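Understanding the architecture of this molecule
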Amino acid sequence: MSDKITGSKALMRALQAEGVKTIFGYPGGSIMPTYDALFDYTRGEKKCFDHILVRHEQGAIHAAEGYARVSGDVGVALVTSGPGATNTLTGVADAMLDSTPIVVIAGQVAISALGTDAFQEVDLVGVAQPISKWSYQIRHAEDIAWAVSRAFYIARTGRPGPVVLDFPRNAQVEEIDWEPKKVDFIRSYVAYPKLSEQAVREAAELINRAERPLALVGQGVELGNAQDELKAFLEKADIPAGRTMLGLSALPSDHPLNVGMLGMHGNYAVNLKEQECDVLIAIGMRFSDRVTGNLNTYAKQAKIIHLDIDRSEIDKNVKTHVAVVADCKESLPALTALLNKNDHREWRESFKELDERERVKVIEPAIHPTEGPLKMGEVVNAVAERAPRGSVLVTDVGQNQLFATRYFKYPVKRSICTSGGLGTMGYGMPAAIGATFATDRTVCCFMGDGGFQMCIEELGTIMEQQAPVKMILLNNHYLGNVRQWQDMFWMRRKSFTKMMNPNYELIAQGYGIAYQAVVDRKDLGAAVEKMLATDGPFILECAIMEEDNVLPMTPPGMNVNDMMLEI
């Protein structure tokens, strides 16, 4: 018996088949047939999706990213053509650089109108191709089941990433006989490279001979769900491990082999020790410039072992002695099996003097100041100490991000959601919304006054959904990170970084969101407790020292061991 349905309804069935539960979106003319079909799938007996109406398409894409990062599932954004589609492109680029699995479905004018400069027509496939893992135009309804299954397969497998589907109006309204499709193989796409036993043996031999091994742990461990495998590897060979910003929750903060955060504003000891180790094992990380500093001097004394699922990352920035190209869920256990039980206590102890120097010069003054205005570090610390175990950190970009990632706690996996590679201001609030739909854990979102205002319209989404985002607004009336660089490298010429800000209390009132301001540090602890105890969303505005600086810092282009503890 024929099961004729429209392309829009076919899309609903295809999304059901992929296990989609939550869609972030914004309707418009070219996607209207699909939104009409969605109506029946979000209520009544047929309900299988929650649709979250955002206030801007950039909010939809960042919410989908936050959902994906915290849940481990594919995030979905549904938007219209033209500006609706182009408004998502910042998030597509962001997801590509941070390996976040999302699928964007955008309306498009009918194929008969393509190339005519029709109303809200944009060559989305052409624009999205360089910044996505795959982009494709579904020109006919009969291709929907195949295209959606292929899109999700590409987004979630191998090194994850964003996929963009362009959905012309004619394909949405055409009628077809529904036939489900399942794509689990693409001839030209090798999602999981075959593990080389020879490479594993060579890597194990180097590690077994090492006297000063150091592991660099990236988000690839989280993406591969290999947190337990990582711990087994590190513990057997007694290897200290630093984590990239995106890999912070791949290894618990309190694990004895965790030696801190890598990078320009990471921890002092682990950055300096990169220049002393004899074997450096990079696991699911890409040797970004923010980690390596000057590549000409980076870790030249060390044998480099690189474990990564993406062959294109091998030797891209740092020359590798042994490359193990495979999913770390597979490569780590294979490597661990060949390792000797080891004890590198003397090497690990050598970190402590440097750690103490950082604690005295940087950490204590940042989180336990005794006088002057509030500091960002002490606000982050006050929240981290009081938040329930396993709370999720979401940040915007700038000083708020750097302080928050340094001083928050990560006892469980998938506990950090931040824009790493692209550094997208305005990411924090919508990503936090997405995170609340991915988990029941407390979501704490730190934002500066600049980033808060970039997607401030998403307070409307928070209001409507009562999304329980705990928003900590670190207000210093500056674009703080740019101001810090101007002070350090541009002769203190503060060119357009001072900000005039609105009355955030009145804005919170307008959206019906609980609010409290903190100016005096004696009120900070009680205000944080009130925020965490309040059901639903909350804005905690903290008046921060205007010229608070993030330290330590490796100046751009300098060697990692040129890291500064003071300015």
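Structure's up top.
These remarks concern the structure in this document. (Residues numbered from 1 in each chain as written. Predicted model: local features only at pLDDT ≥ 70, side-chain atom pairs only at ≥ 80, totals over all residues. Heavy atoms only, no water.)

As a further point, take the environment of Q219. You can see Q219 is positioned in the loop between β9 (213-217) and α10 (220-223). For the pair formed by Q219 and Q198, sequence separation is 21 residues and the distance between their alpha carbons is 25 Å. If we ignore the near neighbours within four places in the chain, the residues touching Q219 are R69, D98, T244, L246, G247 and G284. A distance of 3.4 Å separates polar atoms of two side chains, one belonging to Q219 and the other to R69. (Helix = DSSP H or I, 4+ residues; strand = E, 2+ residues; numbered from the N terminus. Contact = heavy atoms within 4.5 Å. Polar contact = N/O pair within 3.5 Å; in protein donor to acceptor, adjacent residues only side chain to side chain.)

Ranked by internal contacts, the top residues of the largest apolar core, which has 65 residues, are L280, F287, Y298, F446, I472 and C542. Look past the residues within four positions of I472 in its chain and what remains in contact with it is V379, V383, C444, C445, F446, M447, M531, L540 and C542. With 42 residues, the next largest nonpolar core counts I23, L78, V103 and A141 among its residues. (Core = buried A, V, L, I, M, F, W, Y, C linked by side-chain atoms within 4.5 Å. Buried < 20%, exposed > 50% of the residue type's maximum accessible area, 1.4 Å probe, protein only.)

Applying the stated criterion across every chain, the model contains zero disulfides. Its sulfur unpaired, C328 is 19 Å from the next cysteine sulfur, which belongs to C417. (Disulfide = S-S within 2.5 Å.)

Of all the positions in helix α5 (residues 89-97), only L89, G91, V92, A93, D94 and A95 are classed as buried. Lining the buried residues of α5 we find α3 (57-71), α4 (83-86), β5 (102-108), α6 (124-128) and β7 (162-168). S99 sits one or two positions beyond α5 and adopts a positive phi of about 55°.

What follows concerns the sheet that holds strand β6 (residues 134-137). Each strand in a sheet pairs with another by means of backbone hydrogen bonds, the pair being arranged parallel or else antiparallel. Strands sit in the order β3-β2-β4-β5-β7-β6 across an open sheet of six strands; the sheet is parallel. Here the strands that pair on one side only, and so sit at the sheet edges, are β3 (50-53) and β6. Mean inter-strand twist for the sheet, computed between neighbouring axes without regard to direction, equals 20°. (Pairing = 2+ DSSP bridges. Axes fitted to C-alpha atoms, helices over the stretch in contact; angles between N-to-C directions.)

This brings us to the pairing of strand β12 (residues 279-283). Consecutive residues of a regular strand have side chains that alternate between opposite faces of the sheet. Where burial is concerned, most of β12 is hidden: five out of the five residues are buried. The alternating pattern of β12 places V279, I281 and I283 on one face and L280 and A282 on the opposite face, and all of these are buried. Here β9 runs beside β12; their pairing, made up of five bridges, is parallel. When the bridges of β12 are listed, P213 appears paired with V279. When β12 meets strand β13 (residues 303-308), the two strands line up parallel, connected through five bridges. From the neighbouring strand, A282 faces β13, where its bridge partner is H306.

Note on placement: V259 falls in strand β11 (residues 258-261). Sequence separation between V259 and I544 is 285 residues; the distance between their C-alpha atoms is 29 Å.

No statement about biological role is implied by the geometric values presented.
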